[in-house]
Number of protein chains: 2
Amino acid sequence: MTTQPTPVDIDVTARALDRALHDQDLPTVRRRLSTLDVPAILDVGDRLEDRQRAVMFRLLSKDRALAVFEHMEPALQRELIRDLQGPEIADLFGALDPDDRVWLLDELPSALASRLLRGLPEIERLRTSAVLGYPAESVGRRMSAAVVPLHPESTAEQAIERIRARADDVETLTAIPVLDGSRHLIGIVDLGDLLRADPGTPVGRLMAEPRSAIATEDDERAARRCADLRATALPVVDAEGRLVGILSLSDAVRILEREEAEDLARQGGTEPLHRPYLSTPVRALVRSRIVWLLVLAVGATLTVQVLDVFEATLEEVTALALFVPLLIGTGGNTGNQAATTVTRALALGDVGARDVLRVLSREVRVGALMGALLGLIGAGITGWVYSPQLGLVIGLTLVAVCTVAASIGGMMPLVARAVKVDPAVFSNPFISTFVDATGLVVYFLIARAVLGI
Amino acid sequence: MTTQPTPVDIDVTARALDRALHDQDLPTVRRRLSTLDVPAILDVGDRLEDRQRAVMFRLLSKDRALAVFEHMEPALQRELIRDLQGPEIADLFGALDPDDRVWLLDELPSALASRLLRGLPEIERLRTSAVLGYPAESVGRRMSAAVVPLHPESTAEQAIERIRARADDVETLTAIPVLDGSRHLIGIVDLGDLLRADPGTPVGRLMAEPRSAIATEDDERAARRCADLRATALPVVDAEGRLVGILSLSDAVRILEREEAEDLARQGGTEPLHRPYLSTPVRALVRSRIVWLLVLAVGATLTVQVLDVFEATLEEVTALALFVPLLIGTGGNTGNQAATTVTRALALGDVGARDVLRVLSREVRVGALMGALLGLIGAGITGWVYSPQLGLVIGLTLVAVCTVAASIGGMMPLVARAVKVDPAVFSNPFISTFVDATGLVVYFLIARAVLGI
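My aim in this report is to walk through the structure given alongside it, one point at a time. (Residues numbered from 1 in each chain as written. Chains lettered and ligands numbered in written order. Predicted model: local features only at pLDDT ≥ 70, side-chain atom pairs only at ≥ 80, totals over all residues. Heavy atoms only, no water.)

1. A look at the overall build of chain A
A count of helices and strands for chain A gives 23 helices and five strands. The C-alpha radius of gyration computed for chain A amounts to 29 Å, which surpasses the reference 22 Å derived for 453 residues by more than 25%, pointing to a less compact arrangement than a globule. Considered along the principal axes of its C-alpha atoms, chain A spans approximately 90 × 65 × 45 Å. Every one of the 453 residues in chain A was classed for burial, and the buried ones make up 60%. (Helix = DSSP H or I, 4+ residues; strand = E, 2+ residues; numbered from the N terminus. Rg over C-alpha atoms; globule rule 2.2 N^0.38 Å. Buried < 20%, exposed > 50% of the residue type's maximum accessible area, 1.4 Å probe, protein only.)

Encoded structure:
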């Protein structure tokens, strides 16, 4: 079945295309391409460098080229456009869905963006600009303005006729919005229900209570609601509850995928790539990581200063140095665990900035419990291998560090949210670095007290 | 608009309900509940303890109770069922969609599961068992067996009639499968296209080339394809290409959400909760983290041993100890960055186990570049504050550590995939711990060489 080539097929074809493209052997490229369907071409394209992708793209028939372009990452679309000619671009751009168009426009230099917009037919341009009018990160920016609303008085029969007539404009066949005289959203109805119903039944009797999003609402929040309710689409209304567009589930998926990619990346201390790994130049990979790494390294100099302060203690009992990585490592891990869990809970809307105290009390208990367990084990082993006093130091430090780390790790994302920063930006590496310094201070204070230095 | 209560509303109501539930003040609970719609009740329920949720649930009208139950996390459904009576359970279970039912069954003890299955009406039981026949983690297990396929010879008119007649059984109105005489999937058609077409047109002329998933295929891979193609549903076929069911986009979303939750959790060194944070007992939180923490702590004892080996060197130049956290921290961060990026690329299917060499060469270059930059800065500052020799040691170590860390971090997920382990299990903390030990060895070897100890 060509609809799902095995990874091996794709790999082989990709390598072959790669070679053929390098050798400028266009006939082979063309032959290879003809054996692939659109998803396969997309997979192969994701593994090529920009210039090669552009060449490959030019060899596709017009309709296949469009199908491929439609499903590309906006970042790749941007590069492709850079390598194409004016008219080719205008065609591709014109054929995109209004909402795909906006994803792309967000990536393009504004000069090119407005030139492309001017090239659109009236109705398309209006729909696109309507969407562009809403702030970035809002549902309005991600919705489709192409909706065929129904009226409660019209019969199922009439409704079906209306949909039949304008089927091209319908974004979804389920969750069709029903409006009153002043365009207020009063319900949603599924085409399935219209078909099932007796033709004379008024739409008003078939419609369900509407779930909707407000156009200025945060796009992730609305997309999450659409997915959680397992709705196939969410009508979008203005502040007065008048219909302005619709967010289809696949648009919602796209928003959520992007948000989750960002959380995953930041949690690991990098900026998201928003493009396939193998298609990303090394310099771009470095760019996505170096700033984080520098910031974290600067933060880590704190640990050097802390150790500098306690150098005398270290000189006296060098053995203390042996446990530094173990202790701060454990602290970092505990902090990461808490931060990861709370960041995710925030993203899912399970907790909010208002839950600070509930989260804190939970994380303190979790940290203390785990610290107590690790502390016992650590104290036992160290006490046995080295000395009882040292064992006591390690044990006490583990309890303290785990408790502190879990609390800090759990609080950080909430603090971030409270100051309107992406919680994932106070990422795990960030928290480790912070916990490292704290842990060292605790460690040496306990050591001094117990060993009476 | 009750369809989207602000977080504050929900919080206030949640606290009020909380109190009322504690005080057994059921009238108040009932009054509060009556003001909330289903999504709001779900949000509130996510913030309650199990027993309270069960009480609240009992006070809901039958239909609202079902709507709420349908959208609950399977983990919460399980607990609810534990607190409910036989007949109540059977009703809820019977009213679920077949695929929601399977999510729940996967959570239940097999005795209860089979009892519930026996309680189902014939047709429902057959559909559910058909799905249960497929292995866990396969599309077959997540699809809906309720499909109304069309035949290529029937006209658009007839097709619409057929859908009308059996609209209850239709999982999706878009991507309706078209089968030949022997149930082989030969195309998919949208209801929209059927409506738009001239009534006499045969379905065969309206259908599009089918994209499908094989029932035994990995569910995440199929769900990802469904989302990437922005398809509203993906027909599911057996090895011979015969239709067995359909995976709707909202099922796909559910699969992806779960997989991403797991990756996020493991990347932070915890097991996924698969339930709202505030509804999770502290002991369950500890359980989701303690094993990881112990394993990582054991791994970290490696660093103690390494330092033990180099204790003489430390005694001689205590200053070396000051930089240990900074150096291993930077190494850990670099490793995390690479691991995070590659793990995500694997999940998206952008890279495969076969790309080991390509990934390695990229990560070596990225690591070396970043190490060189950090090394220059580190050497400069340390050389100026402490001593030129020490500066040289720090600089060289940073270059080496970053290169090694990026390579290890980039390889680990691929190794995991190659040995059929979830790449996210070789998580960031795991990699940090591993990189810590390696980094220390490099550090002290360079120090000895440069300082001639």
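What follows continues from the structure just given.
2. Notes on the pairing of strand 4 (residues 233–237) of chain B
All names here are of chain B. Burial analysis of strand 4 places five of its five residues in the buried class, which makes it a mostly covered element. Taking every second residue as pointing to the same face, both faces of strand 4 are buried, with Ala 233, Pro 235 and Val 237 on one and Leu 234 and Val 236 on the other. As paired elements, strand 3 (residues 213–214) and strand 4 share two bridges and run parallel to each other. Directly across from Ile 214, in strand 4, lies its bridge partner Val 237. In the sheet, strand 4 pairs with strand 5 (residues 243–248) via five bridges, with the strands oriented antiparallel. Following the sheet pairing, Pro 235 is matched in strand 5 by Ile 246. The turn linking strand 4 back onto strand 5 is made up of five residues, and Gly 241 within it adopts a positive phi angle of 80 degrees. (Pairing = 2+ DSSP bridges.)

3. Quick look at the packing of aromatic side chains
Both the distance between ring centres and the angle between the ring planes are used here to describe each pair of aromatic rings. As enumerated under the stated definition, the model contains eight aromatic pairs over all chains in all. Measuring from centroid to centroid gives 4.8 Å for Phe 310 of chain A and Phe 444 of chain A, while their planes differ by 10 degrees, and the two rings are stacked. In this pair, Phe 310 of chain A is assigned in the loop between helix 17 (282–309) and helix 18 (311–316) and Phe 444 of chain A in helix 23 (residues 428–451), connecting sequence segments 134 residues apart. Each member of the pair Phe 310 of chain A and Phe 444 of chain A is classed as buried. Centroid distance Phe 323 of chain B to Tyr 386 of chain B: 5.3 Å. Interplanar angle 80 degrees. Geometry classified as edge-to-face. Of this pair, Phe 323 of chain B sits in the loop between helix 19 (319–322) and helix 20 (324–347) while Tyr 386 of chain B sits in the loop between helix 21 (356–385) and helix 22 (388–418), and the two are 63 residues apart along the sequence. Pairwise contacts between aromatic rings join Phe 310, Tyr 443 and Phe 444 of chain A into one cluster. Lying over the aromatic face of Tyr 277 of chain B, Arg 362 of chain A brings its terminal NZ or CZ to 5.2 Å of the ring centre. A cation over a ring is seen here: Arg 142 of chain B above Trp 103 of chain B, with NZ or CZ 3.8 Å from the ring centre. (Phe/Tyr/Trp six-rings, centres within 6.5 Å; stacked < 30°, edge-to-face > 60°. Lys NZ or Arg CZ within 6 Å of the ring centre and 35° of its normal.)

4. Some points on the pattern of salt bridges
Applying the stated criterion across every chain yields a total of 67 salt bridges over all chains. Ionic pairing is found between Arg 254 of chain A and Asp 100 of chain A, a salt bridge with its closest N-O pair at 2.9 Å. Of the two residues, Arg 254 of chain A sits in helix 16 (residues 249–267) while Asp 100 of chain A sits in helix 8 (residues 98–105), which places them 154 residues apart along the sequence. Classification of Arg 254 of chain A as buried rests on a relative accessible area of 14%. Since its relative accessible area comes to 4%, Asp 100 of chain A is described here as buried. Between Arg 101 of chain B and Glu 124 of chain B there is a salt bridge, with the nearest N and O atoms lying 2.9 Å from each other. (Salt bridge = Lys/Arg side-chain N within 4 Å of Asp/Glu carboxyl O.)

5. Details of the sheet that holds strand 4 (residues 233–237) of chain A
All names here are of chain A. Strand order across the open sheet formed by three strands is 3-4-5, with mixed pairing between neighbours. The strands lining the two open edges of the sheet, one partner per strand, are strand 3 (213–214) and strand 5 (243–248). Across the sheet, helix 15 (residues 219–228) touches strand 3, strand 4 and strand 5, and the angle it forms with strand 4 is around 140 degrees. Strand contacts of helix 16: strand 4 and strand 5, with the helix running at about 70 degrees to strand 5, the strand carrying the most contacts. (Contact = heavy atoms within 4.5 Å. Axes fitted to C-alpha atoms, helices over the stretch in contact; angles between N-to-C directions.)

6. A closer look at the nonpolar core
By size, the foremost hydrophobic cluster in this structure holds 90 residues, and its most contacted members are Phe 323 and Tyr 443 of chain A together with Phe 323 and Tyr 443 of chain B. Setting aside anything within four residues of it in sequence, one finds Tyr 443 of chain A in contact with Leu 320, Phe 323, Val 324, Leu 327, Val 393, Ile 394 and Thr 397 of chain A. Residues Met 143, Ala 227 and Leu 256 of chain A together with Ala 222 of chain B belong to the second largest nonpolar core, which totals 44 residues. (Core = buried A, V, L, I, M, F, W, Y, C linked by side-chain atoms within 4.5 Å.)

7. Side note on the side chain of Arg 47 of chain B
Tracing the backbone through its elements, the reader meets Arg 47 of chain B in the loop between helix 3 (38–45) and helix 4 (50–58). In this structure the side chain of Arg 47 of chain B is engaged in a polar contact, spanning 2.5 Å, whose partner is the side chain of Asp 355 of chain A. (Polar contact = N/O pair within 3.5 Å; in protein donor to acceptor, adjacent residues only side chain to side chain.)

8. So, the interface of chain B and chain A
Chain B puts 123 residues into the contact, and the matching count from chain A is 121 residues. Carbon and sulfur atoms make up 61% of the area that chain B and chain A hide from each other, which totals about 10700 Å². Considering only the surface of chain B that becomes buried against chain A, Arg 230, Leu 264 and Tyr 277 of chain B emerge as the three largest contributors, covering 8% of it. Along the contact surface separating chain B from chain A lie 34 residue pairs in polar contact (both at pLDDT 80 or more). At 16 residues, helix 17 (residues 282–309) of chain B tops the list of elements feeding residues into the side of chain B that touches chain A. For the side of chain B that touches chain A, the class distribution of residues is 64 nonpolar, 25 polar and 34 charged. (Buried area = accessible area lost by both parts, 1.4 Å probe. Nonpolar A, V, L, I, M, F, W, Y, C, P; charged D, E, K, R; others polar.)

9. Focus: the relation of the copies chain B and chain A
Mapping chain B onto chain A calls for a screw motion: a turn of 180 degrees about the axis and a shift of 0.0 Å along it, with 0.1 Å RMSD after fitting. Taken together, the rotation angle and the small translation identify this as a two-fold axis. Mapped onto chain A, 98% of the interface residues of chain B again fall at the interface, so both copies present the same surface. (Least-squares fit on C-alpha atoms with pLDDT ≥ 70 in both.)

10. Examining the sheet that holds strand 4 of chain B
All names here are of chain B. In space, the three strands of this open sheet follow the order 3-4-5, with mixed pairing throughout. Two strands in the sheet have a free side with no partner beyond their single neighbour: strand 3 and strand 5. Along the sheet, helix 15 (residues 219–228) makes contact with strand 3, strand 4 and strand 5, crossing strand 4 at roughly 140 degrees.

11. Here's the deal with the state of the cysteines
If you walk through the whole model with that rule in mind, you get zero disulfides over all chains. Left unpaired, Cys 226 of chain B is separated from the closest cysteine sulfur, that of Cys 226 of chain A, by 14 Å. With a relative accessible area of 0%, Cys 226 of chain B lands in the buried category. (Disulfide = S-S within 2.5 Å.)

12. Some remarks on the packing of helix 20 of chain B against helix 23 (residues 428–451) of chain B
All names here are of chain B. Put simply, helix 20 and helix 23 touch, their axes get as near as 8 Å, and they point 135 degrees apart. Relative to helix 23, the element helix 20 is oriented oblique. Here helix 20 runs over helix 23; the crossing is right-handed. Only Asn 428, Ile 431, Ser 432, Val 435, Asp 436, Leu 440 and Tyr 443 of helix 23 make contact with helix 20, whose side of the interface consists of Val 324, Leu 327, Ile 328, Gly 331, Gly 332, Gly 335, Asn 336, Ala 339 and Thr 340. A breakdown of the residues in the contact of helix 20 with helix 23 according to their chemical character gives eight nonpolar, seven polar and one charged. (Parallel < 35°, antiparallel > 145°, perpendicular 65-115°, else oblique. Left-handed = near helix turned anticlockwise from the far one by under 90°.)

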